[in-house]
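Now for the letters of each chain:
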Amino acid sequence: MERKVNKKTGLTSKIFIALISGMILGIIMHYFVPAGHIKDDILIEGVFYVIGQMFIRAMQMLVVPLVFFSIADGCRNMGDTKTLGKVGIRIVSFYLLTTALAIVIALVIASIIGPGKGMNMSLGSNEFAMETAEKTSMKDTILNMIPTNPIEALAKGNMLQIIIFAVIVGLLIAGMEDRMETLGNIITEMNDLMMSMTMAVMKIAPIGVFFLIARTFANLGYDVILSMLSYMASVILGLGFQLFVVYLLLLTVFVRINPFVFLKRYFPVMTFAFSTASSNATVPINIQTLEDIGVDKKISSFTIPLGATVNMDGTAIMQGVAVVFIANAYGINLSLNDFLTVILTATIASVGTAGIPSVGLVTLSMVLTSVGLPVEGIAMIMGIDRILDMARTAINITGDAAGTIIVANTVGNFDKEKFNKRT
């Protein structure tokens, strides 16, 4: 475990170094290197572009299989409602509702702050501009969620249809587990494979980030720094609102406990999550801490691992802000239908999202695709997102804990005296 934590921290440091180095190189080239064939065609639009796009394509390669297998496996694990009973239904409802609320908060905050405005990024081709101009009604959006041909949906990367198909597959496997044990194991093993492949791609992230950021700053100069800081501020504000207003208010209203006592006793878990940037790595200490503050272990041993897969409020906030940021950067106006599509897509996508570092960037490409935004926009937030990844992981696992306490209290498995006991 210790070796794994160090490895993840090392990757974060490498990406941060790549971000700073790419910024410095890009600014130097923008302001101090004269325009010419070597600078513009060979370096910026040649080497920088090709290597950066190779990393983007590697991420895009993961999206469809990762989304399908992770969501199918997640639904398979939570699909037996006869066994889960009240706890299963209530915790899943809590996770999905708070995730949807997190996205709404993010969209509102980002719309007010306006990160990305004035960047004037180019779409790159008339063909793409035509695609982004195509709008569908909410009626058609709802109907298009159901795939008439799942294989075609997988091949074309129609994410809403893939998610719906994966949910149905996962739930049906869970309901026929006695006859589907082999298929269920295959789904789980394929999910594990995609997790490993995601981590393998993230190992080359420092190289990809360096060239992507270097090209961005070489083209735009200092102006992009302010926009990136406004993006970062929007995400942090959204995370803070989710923690201090949503979670603590829900604990106060539904459990009648002092929310600041909860924060004090739960803070070590948040610190661990922040340092590892992994919800999955935090599961053992999360369960133990909740038991220490009064939650029956038979409740937390189900809800916390489930939350590490299903509940990604921090990631949802990042994706909501990123959608507005990238739309502003490319000068694309989002309609009410677009905002509703983002809320729906990101909420459903949170089911089965892996609790490992940076996977939110992979599923972000799915959210961007759902409203016709350029996936290339992810390049602008890659480096800063790695910094924010640790913060949003802390919010993710805190949401798991808050939901667990609330549900445990409703079924009589939360000991308030133990919670209030001084340690």
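Note that this is a predicted model, so its numbers are computed, not measured.

*Asks:* Sorry, what's going on with the overall build of the protein here?
*Replies:* In terms of regular secondary structure, the protein is built from 18 helices and zero strands. When the 423 residues of the protein are sorted by exposure, 54% land in the buried category. Only carbon and sulfur atoms are counted for the fraction: they give 65% of the accessible area of the protein, which is about 18700 Å².

*Asks:* It is not clear to me how the environment of Leu306 should be interpreted in this structure. Could you clarify?
*Replies:* Considering the arrangement of structural elements, one finds Leu306 in helix α13 (residues 297–310). Under the relative-accessibility criterion, Leu306 is labelled buried at 7%. When the C-alpha positions of Leu306 and Asn280 are compared, they lie 9.9 Å apart, and in sequence the two are 26 residues distant.

*Asks:* Got a minute to help me understand the side chain of Thr289 in this structure?
*Replies:* Along the chain, Thr289 turns up in helix α12 (residues 279–292). According to the relative accessible area criterion, Thr289 is buried, its value standing at 13%. Other than its neighbours up to four places away in sequence, Thr289 contacts Arg265, Tyr266 and Val269.

*Asks:* Would you explain the pattern of salt bridges in this entry?
*Replies:* Side chains that differ in charge, positive against negative, can pair when their charged atoms come close. Counted under the stated rule, the structure contains two salt bridges. The shortest N-O distance in the salt bridge between Arg215 and Glu45 comes to 2.9 Å. Placement of Arg215 in helix α9 (residues 205–220) and of Glu45 in helix α2 (residues 37–78) is noted, with a sequence separation of 170 residues between them. Using a relative accessible area of 25% as the deciding quantity, one classes Arg215 as partly exposed. The closest approach of N and O atoms between Lys156 and Glu152, which form a salt bridge, is 2.9 Å. With Lys156 and Glu152 both in helix α6 (residues 150–156) and four residues apart, this pair spans about one turn of that helix.

Basis of the calculations
- Residues numbered from 1 in each chain as written.
- Predicted model: local features only at pLDDT ≥ 70, side-chain atom pairs only at ≥ 80, totals over all residues.
- Heavy atoms only, no water.
- Helix = DSSP H or I, 4+ residues; strand = E, 2+ residues; numbered from the N terminus.
- Buried < 20%, exposed > 50% of the residue type's maximum accessible area, 1.4 Å probe, protein only.
- Areas by Shrake-Rupley, 256 points an atom, 1.4 Å probe, with all protein chains shown as cover.
- Contact = heavy atoms within 4.5 Å.
- Salt bridge = Lys/Arg side-chain N within 4 Å of Asp/Glu carboxyl O.

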